[in-house]
Amino acid sequence: MSQGQLQKEYDFAKVEKEISESWEREEIFKFENCPGTEVFSVDTPPPYISAASLHVGHAMSYSQAEFVVRYQRMRGRKIFYPMGFDDNGLPTERYVEKLHNVSTRSMDRRDFIALCLEETRRIGRHYEQFWRKLGLSVDWTKFYSTIADDARKVAQWSFIDLYEKGHMYRSDAPVLWCPCCGTALAQADVDPLERQTFLNDIAFEGADGSRMVISTTRPELLPACVGLFCHPSDERYAHLVGKTAKVPLFGHDVPVMTDETVEKDFGTGLMMVCTFGDSEDVDKWKRLNLPLRVAIAPDGTLTDIGGEFAGMTVEKARKAILQALDESGQLLGKKQIRQVVGVHERCSTPHEYLTLPQWYIAVVKSKERFLELGEQLEWHPAWMKARYRDWVNGLKWDWNISRQRFYGVPFPVWYCKDHNHVILPKVDALPVDPMLDAPPVDRCPECGCTEFVPESDVMDTWMTSSSTPLINARWADPEPREGIYPMTVRVQAFEIIRTWLFYTVVKGEYHTGRLPWHKVMISGWGLNEQGKKISKRDLDKYDEGGFNRYDPDSVIGKYGADALRYWAASASLGADHRYHEKEVRNGRRLVLKLWNAALLIQAILELDGDVAEVIPVDQRMPSDRWILAQVHEALASATASFEEFDYAHALASLEGMFWRDFCDNYLEFVKERCYEAERFTREERLAARATLLEAFRMIIGGFAPFVPFITEELYRALYQPAEGTKSIHLTAWPEPKGPAPDGEDGAFLVEVVRELRRMRSDLKIGAGTQIDGVVIDVTDPAVEAKLGRIWRDLESAARSRSVARGKVEDAAATQIPGLAVQLVHTRQEGDAGAG
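What this report covers is the structure whose coordinates are included nearby. (Residues numbered from 1 in each chain as written. Predicted model: local features only at pLDDT ≥ 70, side-chain atom pairs only at ≥ 80, totals over all residues. Heavy atoms only, no water.)

Scanning all chains against the criterion turns up 41 aromatic pairs. Considering the side-chain rings of Phe 658 and Phe 662, the 6.1 Å spacing of their centres and the 20 degrees angle between planes classify their relative orientation as stacked. With Phe 658 and Phe 662 both in helix 17 (residues 647-675) and four residues apart, the pair spans about one turn of that helix. Phe 658 sits in the buried class, given a relative accessible area of 0%. A relative accessible area of 0% places Phe 662 in the buried class. Here the aromatic rings of Phe 662 and Phe 696 are separated by 5.9 Å at their centres, their planes lie at 20 degrees, and the arrangement is stacked. Here the residue Phe 662 occupies a position in helix 17, and Phe 696 occupies one in helix 18 (residues 682-703), the gap between them amounting to 34 residues. Given a relative accessible area of 0%, Phe 696 falls into the buried group. One aromatic cluster is present, formed by Phe 370, Trp 379, Tyr 388, Trp 399, Phe 502, Tyr 503 and Tyr 510 through successive ring pairs. Across from the ring centre of Phe 198, 4.7 Å away, lies the NZ or CZ of Lys 334, which sits over that ring. (Phe/Tyr/Trp six-rings, centres within 6.5 Å; stacked < 30°, edge-to-face > 60°. Helix = DSSP H or I, 4+ residues; strand = E, 2+ residues; numbered from the N terminus. Buried < 20%, exposed > 50% of the residue type's maximum accessible area, 1.4 Å probe, protein only. Lys NZ or Arg CZ within 6 Å of the ring centre and 35° of its normal.)

Pasting the structure below:
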């Protein structure tokens, strides 16, 4: 066969660049939906455009999904593998505010949006360049942006569809609020934070002058107090029920009531209810129709009902009120406790509760259905299902999708000025911006009002991101893409199960009555060497040469994309994975070993030039049949693992076979057979040649999903001229055809050669040194036939001028039952001994 010429040294930077460009130029990964062909569609996480820097953890999670994608492509499935960027919403706004030192609170809306668009375009180009460099086999012609018109159209269509189906509603009930970011939050936007604080004992004054003591961690909410509660069975306070108490410092009277939810053993057993300190306050306010006293403003300062403390931040007001209580004698004591508070995941600011009109998607009513859908999904790894189940079981609030920000998808809503009736556009007019566009009617169809107020809030970014399967399928178009929805698999990190995964299940159920995908594939985090999630501080750690081991661009520049992907593949799916540069170097070792093996094979092929004759497998030598059996076994294991999305085990199976069986054994077995024409027949050499080509072709095919650049280069040099396919990634996965060859005799050969190597080591004879002779004495007639079958292989593998039968006196020198072996070697310079 004719083949390309491999250079002696592998220039990974040159090769990876050229191959990446050729993939793009030849549209290797472009999706073409052929009728009758199975489509494997991938719902890929659109990364937030909220920072200019990616880290190796991103490379890890995206690579892990991509291993499976490349495998499925080689299994003959048509791959629909788009990439999108989540380039609207709070993460982008916060990034732009920090980068340009501006604030949405003091900047024109249009000017701020223009800044956001500029930054998203700039960072988007950087992201795309990196994903290409990493070797993601994405079809970039299917790229989408969540701020682009088609994605906005789907998000607004989703809103209208949910509204018309009764799953969407507007309410001014208490909502989670971030005073730092100035926006409402959903339950999924809140993380728990454990901290130390003080539980303060504060005295209220009863109507009869008695002292009533409550314990609270939030004295700054005293001006918002609307009642005191005790448990109905708490005899300590039975005589106070139905009476009033005066709030210290602020002087207003509040009723004393009972409620079953009060814990008698917490604090003094008397509970202060404010509007609002926590979800229990909200619950009692709703159930018991309590009055509303708003003490905390949207910017996190005390309102006018805070009196002399008005305008102070929550933290300052807390300290000042405690000091005033202490001076008045109403602070009776305090003790330090551990407390868990809810904080906004974006800024770690403790949330508050405000009452503002918001749009909600009803999810709590359908919890049981969402649990059923979670059971129907195929989870990889399976144990991640518990995280989904726990989240759904813990839902307390409907999904608030309103955000009081600028850079997001506008709600397609106007309100009539007189009665707030909702006005919606026609779907074929989407996308719209009610702040800029006129309403679709001249008068309200319900009340006849002719003046309208546009909705100024924007949608939660997850409102768009949760529609990615619908965006990819162009669900809102008159003619959606066929065969895309539901998609095959969702790939994502575990920390957004509660958001992206759950919200997409909600959308799938409410819009289509189906799951949005059949399977989910969940990755873990990339960690630094200390076992912590890689942070911004890690990305600032450059060595003297400008190398940052957490910056994937730096890593690729030093070791190559294949080496970084190898590190990503060494972690099991769903597991957090520490970054160690040593593992990337191991990936570089694998790449170089593949290259060097290919150089040897190419040199062997050049010995006889183009030869069409191929020796049948059953007529080849035992070592040939043995290595093919080992390759078949490893590939069978890798195939089974890949079918379960267990790429890590697939890689381990292939790599173990490659290093141990192919390189350490088979290549060493056949070198002399191929090079010494006077000692071995043409048929024996052709058998080795054919076996090398066949085995190595299957090996690089198996490695192709993991290290796509080196395998592509080797395929083009050694195999493409004969096969004619443009890329190894468009060839079939190397599944063994028919039963594996019988490798039993070859296994016996490996055992004998291992013994010869051990004896060389004991005698301090180098592995590459050709010795004078090997003498073999058969001590068990049962071994005679096996030895005869491997004799010619042994002559090639022994690295000896002769292999002969003879008498060996020291039978104990060998560890092979039935055989005694002696090495014959004349001591030479560099040898420590001879036998």
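Next, the rest of the story.
The strand order 2-1-24-25-17 describes an open sheet built from five strands, whose pairing is parallel. At either end of the open sheet lies a strand with only one pairing partner, and these are strand 2 (78-80) and strand 17 (378-380). Shown here is a sheet whose adjacent strand axes are inclined to one another by a mean of 20 degrees, direction ignored. Taken together, the six bridges between strand 24 (residues 487-493) and strand 25 (residues 517-523) define a ladder with parallel strand orientation. Paired with Gln 492 across the strands is Ile 522, a residue of strand 25. Where helix 2 (residues 56-74) meets the sheet, its contacts fall on strand 1 (39-43), strand 2, strand 24 and strand 25, and the angle it forms with strand 25 comes to roughly 140 degrees. (Pairing = 2+ DSSP bridges. Axes fitted to C-alpha atoms, helices over the stretch in contact; angles between N-to-C directions. Contact = heavy atoms within 4.5 Å.)

Let us now look at unusual backbone geometry. Along the chain, Thr 275 connects to Phe 276 via a cis peptide bond; the corresponding omega equals 5 degrees. Here Phe 276 shows up in the loop between strand 13 (271-274) and helix 6 (279-288). For the peptide bond that leads from Tyr 485 to Pro 486, omega is -5 degrees, which places it in the cis range. Along the chain, Pro 486 falls in the loop between helix 11 (468-472) and strand 24. If you check the backbone angles, Asn 101 has positive phi at about 55 degrees while not being a glycine. Along the chain, Asn 101 falls in the loop between helix 3 (90-100) and helix 4 (109-134). Note on Asn 101: relative accessible area 72%, which makes it exposed. Positive phi, close to 55 degrees, is recorded for Lys 764, a residue that is not glycine. Judged by its relative accessible area of 56%, Lys 764 falls in the exposed class.

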